[in-house]
Amino acid sequence: MNTKSKTDPGTIIVAGATFGIGHDVALYLARAGWRVIGFGLEKPPVSSVAVASVTQLEADAQAEGLNARFLVGDVTSEEDVSRVLATATEGGHRLHGVVNNAAIGPLGTVLDTDPELFERILRVNLIGPYLMCRAAIPVMATSGGGRIVNVGSGASWGKPNMAAYSSSKGGLNALTTAMALDHFADRIAVNMVIPGGGGIVSGMSLGRVSGDATKLQTNAVGTVAGRVMNGRDLAGAVRFLMSDEAEAISGTTIDVGCFAHQGSSTPLPKRAV
């Protein structure tokens, strides 16, 4: 399967990399030695407070000496996806992996989520990864394999007031497993990582609480590390799934945080003495 080499470490595309956890993942992978092409929006998507400047992101990466480029692109646009893929493979660069992180997460039940918004959530969170994988998989298959990591959510098992978001992430959960089976023989590993435990600071989560970060920590279970999850935690899991050590792993989920939604009881916030 595609592994890093001194001549070509391989390129990883990160969707939703212009801010938040996606940007953390892109930088982490670049620091680990991969060539990274990150893309996303500059203006905040619906229900988010995140903003970014691709020009500044590129300047910061170059100042750090990282082999990383950032592009403006919408994951729901086939034209944008094709452009990003062309940039990733220009000059004969080998596509090693794709991280599908782009997502929007407006709250609501089926009664207070209008059809247009419901469809938009599905387009970004589910159709977006589908378009990215549809474009990337043939390229990976012809070069001996590759890795796909989808960023899921505990909401994929269903959560209150997240009807559309849960539907989109539930679909992504199923799509991950289906692609892992479909492209097993192509040596393309497809896995999922989940940011869990609550209290996570991101453009999406801040948008849900009107930008008040203190509200995110209320009743958050956090992680076994004794704190809430951050972008570096998730990026470490993604890096492992992209590494040689994980070349035989496909169709699995790594939950970085609290796994109560997978059928366990809810962990106590503080250990009893």
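Cut-offs and rules
Residues numbered from 1 in each chain as written. Predicted model: local features only at pLDDT ≥ 70, side-chain atom pairs only at ≥ 80, totals over all residues. Heavy atoms only, no water. Buried < 20%, exposed > 50% of the residue type's maximum accessible area, 1.4 Å probe, protein only. Helix = DSSP H or I, 4+ residues; strand = E, 2+ residues; numbered from the N terminus. Arc of directions from axis to C-beta. Contact = heavy atoms within 4.5 Å. Core = buried A, V, L, I, M, F, W, Y, C linked by side-chain atoms within 4.5 Å. Pairing = 2+ DSSP bridges. Right-handed = clockwise from strand over helix to strand, strands pointing away. Salt bridge = Lys/Arg side-chain N within 4 Å of Asp/Glu carboxyl O. Axes fitted to C-alpha atoms, helices over the stretch in contact; angles between N-to-C directions. Left-handed = near helix turned anticlockwise from the far one by under 90°. Nonpolar A, V, L, I, M, F, W, Y, C, P; charged D, E, K, R; others polar. Expected span 1.5 Å × (residues − 1). Bend = angle between axes of the 7 residues up to and from the residue. Polar contact = N/O pair within 3.5 Å; in protein donor to acceptor, adjacent residues only side chain to side chain.

**Here's the deal with helix 2 (residues 54-63)**
Now for step 1: Among all positions in helix 2, only V54, L57, E58 and A61 are buried. Angular distribution of buried residues about the axis of helix 2 spans 95°; they occupy a single face of the element. Exposed side of helix 2, more than 90 degrees from the buried face: T55 and A63 are the residues found there.
Now for step 2: Those residues of helix 2 hidden inside the fold are in contact with helix 1 (20-31) and strand 3 (68-72).
Now for step 3: In the segment just after helix 2, G65 is the residue with positive phi, at about 80°.

**Some words on the nonpolar core**
Now for step 1: Judged by nonpolar contacts, the single largest core of 36 residues is most densely connected at V14, L29, F70, V99, V193 and V238.
Now for step 2: Those elements giving two or more residues to this core turn out to be strand 1 (11-15), helix 1, helix 2, strand 3, strand 5 (146-151) and helix 8 (231-242).
Now for step 3: Residue contacts for V99: discarding those within four places in its chain leaves I12, I13, V14, A15, V25, L29, V149, V151, V238 and M242.
Now for step 4: Listed in part, the 27 residues of the second largest apolar core include L71, V84, L85 and A102.

**A look at the pairing of strand 1**
Moving residue by residue along a regular strand, the side chains alternate between the two faces of the sheet.
Now for step 1: Along strand 1, five of the five residues are buried, which leaves the element largely enclosed by surrounding structure.
Now for step 2: Residues of strand 1 alternate between two faces, with T11, I13 and A15 on one and I12 and V14 on the opposite face, all of them buried.
Now for step 3: With five bridges joining them, strand 1 and strand 2 (residues 35-40) adopt parallel strand pairing. Counted as the bridge partner of I13 is I37 from strand 2.
Now for step 4: Once the chain exits strand 1 it traverses helix 1 before rejoining the sheet at strand 2, and the crossover so formed is right-handed.
Now for step 5: When strand 1 meets strand 4 (residues 95-100), the two strands line up parallel, connected through five bridges. Across the sheet, I13 pairs through a bridge with V98, a residue of strand 4.

**A closer look at the pattern of salt bridges**
Now for step 1: Scanning the entire structure with this criterion turns up seven salt bridges.
Now for step 2: Overlapping salt bridges, with partners in common, bring together R35, E58, R69 and E90 in one network.

**Topic: the sheet that holds strand 7 (residues 253-256)**
Now for step 1: With respect to topology, seven strands assemble into an open sheet ordered 3-2-1-4-5-6-7, the strand pairing being parallel. The outermost strands of the open sheet, each flanked by one partner alone, are strand 3 and strand 7. Averaged over neighbouring strand pairs, the angle between their axes works out to 20° when direction is ignored.
Now for step 2: Of the strands in this sheet, strand 1, strand 2, strand 3 and strand 4 are in contact with helix 3 (residues 78-89), which crosses strand 2 at around 165°.

**Observations concerning the packing of helix 3 against helix 4 (residues 115-142)**
Now for step 1: One can describe the packing of helix 3 onto helix 4 by two numbers: an axis separation of 9 Å at closest approach and a directional angle of 35°. Helix 4 is crossed by helix 3, and the crossing has right-handed handedness. Contacts between helix 3 and helix 4 involve E78, V81, L85 and T89 on the former and, on the latter, L131, M132, A135, A136 and V139.
Now for step 2: Classifying every residue of the contact of helix 3 with helix 4 by side-chain character gives seven nonpolar, one polar and one charged.

**Considering helix 4**
Now for step 1: Between its first and last C-alpha, helix 4 extends 39 Å over 28 residues, near the 40 Å set by a 1.5 Å rise per residue.
Now for step 2: Along its length, helix 4 reaches its greatest deviation from straightness, about 40°, at I127, and the proline P129 lies no more than four positions downstream.
Now for step 3: Its side-chain oxygen at 3.1 Å from the backbone nitrogen of E116, D114 defines the N-terminal cap of helix 4.
Now for step 4: G144, located one to two residues past helix 4, shows a positive phi value of around 100°.

**A few points about the environment of F184**
Now for step 1: With respect to the helices and strands, the residue F184 is situated in the loop between helix 5 (163-182) and strand 6 (188-195).
Now for step 2: A relative accessible area of 64% means that F184 is categorised as exposed.
Now for step 3: For the pair F184 and G251, spaced 67 residues apart in sequence, the C-alpha to C-alpha distance is 9.4 Å.

**Brief notes about the pairing of strand 4**
Now for step 1: Counting buried positions along strand 4 gives six out of six residues, so the element sits mostly inside the fold.
Now for step 2: Where strand 4 and strand 5 come together, four bridges link them in parallel fashion. In the sheet register, V99 faces strand 5, and the bridge partner there is V149.

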